[in-house]
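Structure at a glance
Spelled out from the first residue to the last, the chains are:
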Amino acid sequence: MIYFDYAATTPVDQRVLNVMLPYFRESFGNPSSVHRLGQKAETAVDQAREKVSTVLHCKPEEIIFTSCGTEADNLALRGAAMARRAASGEKWILTARTEHHAVSKTAEQLEKEYGFLLEWLDMDQYGAVTPESLSKAVCNHTSIASVMYANNEIGTINPIPELAEIARVNNILFHTDAVQAAAYLDVNVEKLGVDLLSLGGHKFYGPKGVGALYVRKGTKLLEHMTGGGQEFGLRAGTQNVPYIIGFAEALRLAAEERENRTTHVKPLRDHIIGKVLETIPDSQLTGHPKSRLPNHASFVFKDVDGNLLLQMLDSAGFACSSGSACKTGNPEPSEVITSLGYSRDWALGSLRVTLGVDSTPEQVDSFLNTLPALVEKARKLRN
Ligand SMILES: *Cc1c(COP(=O)(O)O)cnc(C)c1O
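Considering the nonpolar core
- Among the nonpolar cores identified, the biggest contains 87 residues, and Leu 56, Phe 174, Ile 272, Phe 301, Leu 351, Phe 367 and Leu 371 are the most heavily contacted of them.
- With 9 residues, the top contributor of residues to this core is helix α8 (residues 241–256).
- Once residues within four sequence positions are removed from consideration, Leu 351 is found in contact with Ala 297, Ser 298, Phe 299, Phe 301, Leu 309, Leu 310, Leu 313, Cys 320, Ser 321, Ser 322, Phe 367 and Leu 371.
- Counting residues in hydrophobic clusters, the runner-up holds 21 residues, among them Ile 93, Phe 116, Leu 213 and Val 215.

Quick look at the structure:
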């Protein structure tokens, strides 16, 4: 099996696994315990927090460990919207249709169940939120804007420093979901200028089921897990010590090896994009042609059932992904792809090919030799 689905998840780096293992059995203490075993675990969590804060250029106490990227997004959006409304009454939330469901569904729930007002930001044809679009949408009653750093489905990178600056001068909070971005982009929160930033371990060779939220000092959040007061009272629950340690090491390695990893995947990605568009009729790149994640190629093919294409690729030995939620019998095109304005006959035929540290030119060539015939076959089956 050739794996081209690194945007869905990545394998745990062996070096990451090695630093995690002692904390399952030898040093299994509860960080809240007073005895030495507990203290050892607490020290390890403190060191992990410091490691993360070094990469993010923030203070350790501005990092909240969570159970995943989704939870970090939930804590950021719901926590900030609730706290801010309680403090000063603002009710408007700004976000975009291209956001991961962890953000968009949370925003919709805040609107539907909690009386917030939600406005979807305009995007350009590549799915990017422009500074003009945010400027146009902000008003005196805006509480928070949430715009992802890089899109998981279409790879587009948003201009976060510019957007965060607009939020800052208008006195609104700014959150960015950097879960997909952190594998390849600089997550220096000083440079980005954000108040809140979400991360998830398994997108950069860390374990699944662990994430973190950066919370700028002074940003008030409603506690989202109440209990024993862990994570500065914002996210109670005994910390997942080995996973937090793995998360921090994976993030450190991602930052340290960012340039090398980028240099490795980018030419392969460019080759895929060039060849696919050249050899497959009625194909289009989705997302931005330049301002996109270096490991990310995404397409739509006209009159193709994307799920069928994925199954055919799977049988041929390639693990790829599409945007569409797989519903047997009645496939629904992805909201992200349709929000870009693609009609149904294009939007249903989406394909995402994402590369990683183990991807090779041979794998890419083999893929490029296989794909055109499969697209043609899928088209025949649909017509
Ligand atoms: C994967 C992903 C998430 C969810 O992270 P989990 O750790 O899987 O919960 C959120 N946002 C984006 C952009 C992602 O790519």
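Let's talk about the pattern of salt bridges
- Counting across every chain of the model gives 20 salt bridges.
- One salt bridge in this structure joins Asp 186 and Lys 191, with 3.4 Å as the shortest N-O distance.
- You can call Asp 186 partly exposed: its relative accessible area is 32%.
- Note that Asp 303 and Lys 302 form a salt bridge whose closest N and O atoms lie 3.5 Å from each other.
- Residue class for Lys 302 comes out partly exposed when judged on its relative accessible area of 24%.
- Salt bridges linked by common partners bring Asp 13, Arg 15, Glu 257 and Arg 261 together as one network.

Observations concerning the packing of aromatic side chains
- Tallied over the entire structure, the rule returns 9 aromatic pairs.
- Their ring planes at 75° and their centres at 4.9 Å tell us that Tyr 3 and Tyr 6 sit as a pair that is edge-to-face.
- We classify Tyr 3 as partly exposed; its relative accessible area is 27%.
- Using a relative accessible area of 6% as the deciding quantity, one classes Tyr 6 as buried.

Looking at the domain arrangement of the protein
- Its domain assignment divides the protein into domain 1 (14–256) and domain 2 (258–382).
- Across the contact, 30 residues belong to domain 1 and 26 residues belong to domain 2.
- Where domain 1 abuts domain 2, roughly 2,300 Å² becomes buried across the two surfaces, and 54% of that area is made up of carbon and sulfur atoms.
- Among the residues domain 1 hides against domain 2, the three largest losses belong to Glu 153, Ile 154 and Tyr 184. Together they make up 34% of the total.
- Taken together, domain 1 and domain 2 are joined by 14 residue pairs in polar contact (both at pLDDT 80 or more).
- With 4 residues, the single largest contributor to the side of domain 1 that touches domain 2 is α8.
- The residue inventory of the side of domain 1 that touches domain 2, partitioned by class, reads 15 nonpolar, 9 polar and 6 charged.

Analysis parameters
Each chain has its residues counted from 1, following the order in which its sequence is written. Local features are withheld for residues below a pLDDT of 70 in this predicted model, meaning they are given only at 70 or higher, and side-chain atom pairs are given and counted only at 80 or more; totals for whole chains, interfaces and linings count all residues. With hydrogens and water excluded, all non-hydrogen atoms of the structure serve as input to the side-chain values. By convention a nonpolar core is built from buried Ala, Val, Leu, Ile, Met, Phe, Trp, Tyr and Cys residues, the set being connected through side-chain atoms within 4.5 Å. In this scheme, a residue with accessible area under 20% of its type's maximum is buried, one over 50% is exposed, and one in between is partly exposed, where area comes from a 1.4 Å probe on protein chains only. Under the DSSP-based scheme used, a helix requires at least four consecutive residues in state H or I and a strand at least two consecutive residues in state E, with every element numbered from the N terminus. Between two residues, a contact is recorded if the distance between any of their heavy atoms is within 4.5 Å. Salt bridge criterion: a side-chain nitrogen from Lys or Arg within 4 Å of a carboxyl oxygen from Asp or Glu. Note on aromatic pairs: the rings of Phe, Tyr and Trp (six-membered ring only in Trp) are paired at centre separations within 6.5 Å, and the planes decide the class, stacked below 30 degrees, edge-to-face beyond 60, tilted for the rest. Bear in mind that the domain bounds are from an automatic or database domain assignment. A quick way to say it: buried area is the sum, across both parts, of accessible area lost when two parts are put together, with a 1.4 Å probe. As used in this structure description, the phrase polar contact means that two N or O atoms lie within 3.5 Å; if the pair is within protein, one of them must be able to donate a hydrogen and the other to accept it, and residues adjacent in sequence are counted only when both atoms belong to side chains. Under the convention adopted here, Pro, Cys and the residues Ala, Val, Leu, Ile, Met, Phe, Trp and Tyr are nonpolar, Asp, Glu, Lys and Arg are charged, and Gly plus all remaining residues are polar.

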